[in-house]
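# Secondary and tertiary structure notes
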Amino acid sequence: MNRAHLDKLFTVLLAGVLAGLALAAAALPAALVLGLGVRNLMPYTELPEALKAPQPAQRSNLYADDGRTLITSFYVEDRVDVPVGEVAPVMRDAIVAAEDARFYEHHGVDVRGVVRALTANRKEGTRQGASTLTMQYVRNALAGDPRLTERQRAAATEITAGRKIREMRYALTLERRIGKDEILGRYLNIAYFGAGAYGIAAASKRYFSTTPDRLTLGQAAMLAGLVRAPDHDDPINGDSGAALDRRAYVLDRMAETGRVSPADAAATKGTPLALKPNATPNDCAAVPAGHNDWGFFCDWFTQWWNAQPAFGKTVDERQRTLRRGGWSIVSSLDPDVQAKASEQVRTIYPETIQRAAPTAVVQPGTGRVLALAVNRGYGSDNPDGQQNYPNTVNQLVAGGGGIVGYQAGSTFKLFALLAALEAGMPLDTEFDAPRVYVTKYPVDGGPASCGGRWCPANANTYWMDGDRDMWDAFGRSVNTYFAWLTERVGADRVVEMAERLGIVFRSPQDARMAREGAASWGPFTLGVSATTPLDLANAYATVAAEGTWCRPTPVASITDATGRRVAAGDTDCRQVLDTEVARAAADASRCPVGDQSMYRRCAGGTAEELAPGLRRPLAGKTGSSERNATETVVAFTPQLAVATIAANPDDPRDAVGGGVQKRQIPAVGRILAWALRDQPVRDFVPPGEPVAFHQTTPRTGN
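The text that follows walks through the structure, step by step, so that each part is easy to find. These figures come from a predicted structure and were not determined experimentally.

### Considerations on the pairing of strand β3 (residues 328-331)
Across 3 bridges, strand β1 (residues 60-63) lies against β3 in parallel orientation. Each residue of the ladder has a partner; that of L62, found in β3, is I329. Strand direction decides the pairing type here: β3 and strand β15 (residues 555-559), joined by 4 bridges, are antiparallel. Its bridge partner being in β15, S328 is matched across the sheet by T559.

### Some details on helix α25 (residues 579-589)
Extensive coverage of α25 is indicated by the burial of 9 of its 11 residues. Buried within α25 are the following residues: T579, V581, A582, A584, A585, A586, D587, A588 and S589. Sitting at the head of α25, D578 places a side-chain oxygen 2.9 Å from the backbone nitrogen of E580.

### Comments concerning empty space enclosed by the protein
Over the atoms a probe the size of a water molecule is rolled, and this reveals where empty space is left. If you walk through the whole model with that rule in mind, you get 2 cavities of 30 Å³ or more. Estimated volume of the second largest cavity: approximately 40 Å³. The wall of the second largest cavity is formed by A50, P54, Q55, P56, A141, G144, D145, P146 and I190. Residue classes in the lining of the second largest cavity are distributed as 6 nonpolar, 2 polar and 1 charged.

### With respect to the sheet that holds β1
In space, the 4 strands of this open sheet follow the order β2-β1-β3-β15, with mixed pairing throughout. Taken across any chain shown, the strands that pair with only one partner, and hence form the sheet edges, are β2 (70-74) and β15. Each neighbouring strand pair of the sheet contributes to a mean axis angle of 15°, computed without reference to strand direction. Of the pairings in the sheet, the one linking β1 to β2 comprises 4 bridges and is antiparallel in character.

### Examining the packing of aromatic side chains
Counted according to the given criterion, the structure contains 28 aromatic pairs. Measuring from centroid to centroid gives 4.9 Å for W521 and F524, while their planes differ by 55°, and the two rings are tilted. An identical accessibility class is assigned to W521 and F524; each is buried. Counting every residue linked through ring pairs, the aromatic cluster contains F74, F301, W304, W305, F311 and W327. Sitting over the face of the ring of F103, K180 holds its NZ or CZ atom 4.5 Å from the ring centroid. The ring of W674 is capped by K340, whose NZ or CZ atom sits 4.8 Å from the centre of that ring.

### Description of the nonpolar core
Counting residues in each nonpolar core, the largest one holds 108 residues, and the members touching the most others are F415 and Y481. The next biggest cluster of nonpolar side chains, apart from the first, holds 53 residues, and it includes I95, V96, F103 and V260.

Procedures and definitions
Residues numbered from 1 in each chain as written. Predicted model: local features only at pLDDT ≥ 70, side-chain atom pairs only at ≥ 80, totals over all residues. Heavy atoms only, no water. Pairing = 2+ DSSP bridges. Helix = DSSP H or I, 4+ residues; strand = E, 2+ residues; numbered from the N terminus. Buried < 20%, exposed > 50% of the residue type's maximum accessible area, 1.4 Å probe, protein only. Polar contact = N/O pair within 3.5 Å; in protein donor to acceptor, adjacent residues only side chain to side chain. 1 Å grid on protein atoms, 1.4 Å probe; cavity = no way out; pocket = protein on both sides within 12 Å on 5 of 7 lines; lining within 4 Å. Points joined across faces, edges and corners; volume = space filled by probe spheres on them. Nonpolar A, V, L, I, M, F, W, Y, C, P; charged D, E, K, R; others polar. Axes fitted to C-alpha atoms, helices over the stretch in contact; angles between N-to-C directions. Phe/Tyr/Trp six-rings, centres within 6.5 Å; stacked < 30°, edge-to-face > 60°. Lys NZ or Arg CZ within 6 Å of the ring centre and 35° of its normal. Core = buried A, V, L, I, M, F, W, Y, C linked by side-chain atoms within 4.5 Å.

Next comes the structure, spelled out in C-alpha cells:
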C-alpha cells in the first residue's frame, strides 16, 4: 500500500480517535469531530518554516586564537547540532526502542499506537498518548522556533484536539518530504535531556563528558530514558534511582525489539551510571576559573558583537542571535600573551589597591587584540565601599559601561607630529623651544594660563629647552615644541588626526570639544582628553603598519551553524596615512624608547632603557598627565603594539605619581619580549629624504 492510500486511511481513523490522542480521555463528541470538517482532517500539503528549514536554538562557542581552547559559550539552550551519522548506532537504536519502536514502519502516525492508546484511555481512564518520534519532533520544532511569537510557540504544546490534529497532519506531510534517518537526526538534536542539555551532543557532554559517536550501550540507554521526564529523571539534579529505572526499561525494550541481545541488556543493567558531568560555561562570568582574566576580553567581545549590524537591528536582536545561532567564533585572544600581560600588570600594581594598570596588546595590520589585562579579578564580589577592586566587571581596558578612559599625556603628541608631517613639514623642522610658550589658544585659568591663553611649560628646562627638531622633541617630550607645532598646523587637524587613528571621545565633554571647539583645543596635544589603552595601542599600531588603520577586533573568524564563514568576522582595514608620513612618525618614535632613527637623529628619550633590553627595533612614547595623575607607556614593533595606563578608575584626583613608570616600562618590555620570542626580528622601513628633510606640499593619500 503506498503512502497516498495510507493517508486516506489515516483520515478515516483520525475522525474516531482524535479525542483519545489529543486530550488523553474519552472520544470526542461526534459534533466536535464533524465540526472540524473533512478539510481539517486531511493531511497538510504545506509545512511551516520551522519544519521545512528548522532553526533550533544552538549555543555559540568562543575560542582562543588556536580555534580549540574554549573561552566560554553563549546560549539560551545548550545545544550543538550534529549529523545523524555522527551519532553512535546504539544511541539511535536506544531512542527508537524507548520512544517509537515502530518508527521505521509507520508513515508519521502509528495507527496501531493510536488504537492502543484510545483503548487504554477509554477502558482504564489513563492518559496514554500515541505520539511517534515524528510527531514529537514536530511539536518540539514548533515550540522552539525563534521565528514564531511566544503565543504561537505555546500553541504548539497546548492540550487541545486542534493541536493534535495539526501535529498528525504535519507528521504525515513531513515523512513524505524527508527520510527517516533525517527525521531521527532532527529529533536527537532538538530533544531535551535534562540538566540544561538540549540535543544529543550537549547531553553526551553534560552527563558523560563524551561525544555522541562514542556513547556506550549503558550511556545511550540512560540518555534515551531521560526524554520522557527529563527534569524528574535527571540523575545530576533529580533522581538517580529514576534514571536507573528508565535505563533498565530502555534496555529491556532494546532486547525485546532485537536491537541488543538479552545477555548484553542484562549485563548493562547491573552496571552503575558512571556519570562524568561536564557543565558548559555560559557567558563571560563562566570563563574557566583558572583563567579569570579572560573575562575582560570576553566582556569586550560582547560589546563588539552588540555593535555589529550584521547580527540584528538592535542590541537585543544581536544578543538573541549570539545565544541561539550556533556560531563558532575563533577569537584573537592569545592565551600565552594574555597570561604574560596579566602577570606583568600585577608587577605595576597588585589587585588589592584602587589604582589600576589596564593594558592592551594589538597586532598592527589586522587590528586583532591579543590580550586585554588589568590587575583585577573579573567579577563583582567586593567588600562594601570598594567599587572596582579587587574585582570588577567594568571594562577598564577598552572602555564602555560608564568607563570613559584616562588622560594619556604626551602620547598624544603623536597626533601633532603626524598632522605636521602630513601638512608637508619635515622631521628636521627646527624650533628654539623656550621653557614656557604662550599660545593663541584660550583657557579658563589653571597653572598653564598666561593672561587667559594656554602657556605650557617644559618639565625639565635643562634637558628640554633649546633648539629641537621632531626627532629630538618627540624623544625628550618637549611640551613647548609641540605647542608651537600645534599652532603651526592647527589644533583642529591634530584632533582630526587622533579621530582618524581611532581615538574615541567617550567623555561627553571631550566629544563636545572635538565637535564644536577643536580649532581652539590646543591642550589636546598634551593628552588632556580621556582615552583607553586599547584605543591608544591601536593608534600606534597604525603607525607600525605604515598608515594602515584596522578597527580593533576580538575575532579572527566567525562561522555559522552550517560551517559557512561570515564577513562580520573579517578584518576592517584601510589606509589612513600616507606611507611616508607613517614611516617618518615611526622613525621619530624610536627616539623616546632608546632606539636610534634611520638618520641617527635621536638624542635622548624618556624611556631609553626599553629598546636595549628587547634587542630588536622598537618605537614608542611615554606620557604623564598634569600632576602625574596618570602615567602611560606605549611601545611597538612592526609586529606588535602595547599600551598601558596607570590610573585610579574610581578617583581621578588620586595622582599615581611619576614613579610608577619605573615599573610600567619594564613590564611593557617583558610583554613584548614574550609575545615576540618566536617571531623574526623585523626593522622599520626608513622614511625617504623628502619627508625627513624637505618642506613639501601636503602629503595626503597614499
